[in-house]
Amino acid sequence: MKLLMTAALAAALMAPLAGTATAEAAAYPVKHPKLIANSLYDAGPLPTTTCTEPKVKRGDRKLARAYVDAVVACLETTWEQHLTGAGLTYSEIKVRHVAKIPKTCGFKPMKDDSQMWYCEKNRTLFVQIGKNWLNDPEDLWLFETTAYMYGYHVQNLTGIEDAYNAVRYSGKAEYWEQMRRYQLQKDCLAAAFLKSVWPMEGRTTKDWDYYLSMIVGDARGEDRAYGKTSTRRDWSKRGFATGDPGSCNTWTAPSSKVA
């Protein structure tokens, strides 16, 4: 079984821990207006659209890449309408399928044969699909992983990324909590998008439940960057229940909800 642990999938995670450690401490919860009162939250549920999944087959990289491209096209349709409706700037994401993630844009690729990285500088999603993701490509794995990674693009377009990078912290605990808020928001946004195109042909609640079972959080001894398994699943459930980015405001949630 694949497990959805997205550690180190984006250059945004490369910010050094000591970056603003000497700066004035930020009070809990974070108070940056772009984070807690972003226009993204006020436009209502994502528009209901149809997203047709192309066929995929075990071991067929070409079909898997076409599948990712199709999901991105659905994401673009939905998010363009939502963001422009909220008075926010919209710009298309670029997608590059590669045999190996390049060491560019601050990337530090993992050893995994399958991974995605988002470069905020040129708004490009780099996609490396290997045997791991091709073993069982017919579940919602590729769909929701693509939707999760598109969340970086949404945060980039809405100013959330810049605000997150600008917010100060007083120590390690505050640093990691802020990162969890940043990452958990993408869990919620990805699920909200899925809700906006649900039901999909050939899919049932069993597919959704199986996807939830693949989500895992930070393992014991690891940096607390993504949240506990139960926390990640809770934010995913929240997004799927409402289909509304307004439900994904992790920045005003109490610390206990982003543990």
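These numbers were taken from a predicted model, which means no experiment stands behind them. (Residues numbered from 1 in each chain as written. Predicted model: local features only at pLDDT ≥ 70, side-chain atom pairs only at ≥ 80, totals over all residues. Heavy atoms only, no water.)

A.B. asks: Got a minute to help me understand the environment of R96 in this structure?
C.D. replies: Inspection of the secondary structure assignment puts R96 in strand 1 (residues 94-97). Exposure remark for R96: the relative accessible area of 46% places this residue in the partly exposed category. Beyond its immediate stretch of four places on either side in the chain, R96 contacts T124, L125, F126 and V127. (Helix = DSSP H or I, 4+ residues; strand = E, 2+ residues; numbered from the N terminus. Buried < 20%, exposed > 50% of the residue type's maximum accessible area, 1.4 Å probe, protein only. Contact = heavy atoms within 4.5 Å.)

A.B. asks: Help me out: how do you make sense of the environment of V154 in this one?
C.D. replies: Looking at the element boundaries, V154 is found in helix 4 (residues 141-157). Here V154 falls in the buried class, since its relative accessible area comes to 1%. Spatially, the C-alpha atom of V154 lies 9.6 Å from that of I93, the residues being 61 residues apart in sequence. Sequence-distant contacts of V154, that is, excluding residues within four places in its chain, are made with L40, W79 and L189.

A.B. asks: I keep staring at the state of the cysteines and nothing clicks. Help me out?
C.D. replies: Chemically, a disulfide is nothing more than a covalent bond linking the sulfur atoms of two cysteines. Counting across every chain of the model gives 3 disulfides. Here C51 engages in a disulfide with C74; their sulfurs sit 2.2 Å apart. Between C51 and C74, the S-S torsion sits near 95 degrees, and that sign places the bridge as right-handed. Here C74 lies in helix 2 (residues 61-85) and C51 lies in the loop between helix 1 (33-36) and helix 2, a separation of 23 residues in the sequence. Residue classification places C74 among the buried residues on the basis of a relative accessible area of 12%. Each sulfur in the disulfide pair C105 and C119 lies 2.0 Å from the other. Residues C105 and C119 are joined through a disulfide that is right-handed, its torsion about the S-S bond being 85 degrees. Taken together, the residues span a long stretch of sequence, with C105 in the loop between strand 1 and strand 2 (115-119) and C119 in strand 2 at a distance of 14 residues. By the burial criterion, C105 is buried, and C119 matches it. Along the protein, the cysteines engaged in disulfide bonds are linked according to the scheme 1-2, 3-4, 5-6 when indexed in sequence order. (Disulfide = S-S within 2.5 Å.)

A.B. asks: Just to check I follow, could you spell out the sheet that holds strand 3 (residues 124-128) for this structure?
C.D. replies: Where strands meet in a sheet, backbone hydrogen bonds hold them as pairs that are either parallel or antiparallel. Strand order in the open sheet formed by 3 strands is 1-3-2, with mixed pairing between adjacent strands. Across the chains shown, the open sheet's two edge strands, defined by having one partner strand only, are strand 1 and strand 2. Each adjacent strand pair in this sheet contributes to an overall mean axis angle of 20 degrees, direction not counted. Across 5 bridges, strand 2 lies against strand 3 in antiparallel orientation. Bridge assignment links Q115 to a residue of strand 3, and that residue is Q128. Each of strand 1, strand 2 and strand 3 touches helix 2; the most contacted strand, strand 1, lies at about 175 degrees to it. Contacts from helix 4 reach strand 2 and strand 3 within the one sheet, and its direction differs from that of strand 2 by about 10 degrees. (Pairing = 2+ DSSP bridges. Axes fitted to C-alpha atoms, helices over the stretch in contact; angles between N-to-C directions.)

A.B. asks: What is the right way to read helix 4 from this model?
C.D. replies: A rise of 1.5 Å per residue sets the reference length of helix 4, with its 17 residues, at 24 Å; its end C-alpha atoms lie 25 Å apart and thus fit the reference within 8%. Of all 17 residues in helix 4, 17 are buried; the element is thus mostly enclosed. Count one or two residues on from helix 4 and you reach G159, which has phi positive near 85 degrees. (Expected span 1.5 Å × (residues − 1).)

A.B. asks: Help me out: how do you make sense of the packing of aromatic side chains in this one?
C.D. replies: If you walk through the whole model with that rule in mind, you get 14 aromatic pairs. Where Y164 meets Y182, the ring centres are 4.1 Å apart and the plane angle is 5 degrees; that geometry is what we call stacked. Taken together, the positions of Y164 in helix 5 (residues 160-166) and Y182 in helix 6 (residues 172-196) put the pair 18 residues apart, joining distant regions of the chain. Overall, the relative accessible area of 7% leaves Y164 in the buried class. (Phe/Tyr/Trp six-rings, centres within 6.5 Å; stacked < 30°, edge-to-face > 60°.)

A.B. asks: What's the story with the side chain of E76 in this structure? I'm lost.
C.D. replies: Mapped onto the secondary structure, E76 falls in helix 2. For the buried residue E76, which engages in no salt bridge, the nearest side chain bearing the opposite charge is K94, 9.3 Å off. Of the polar contacts made by the side chain of E76, one reaches the side chain of Y90; its length is 2.9 Å. For E76, the residues in contact, after removing those within four places along its chain, are Y90, E92, I93 and Y150. (Lys, Arg positive; Asp, Glu negative; His and termini not counted. Salt bridge = Lys/Arg side-chain N within 4 Å of Asp/Glu carboxyl O. Polar contact = N/O pair within 3.5 Å; in protein donor to acceptor, adjacent residues only side chain to side chain.)

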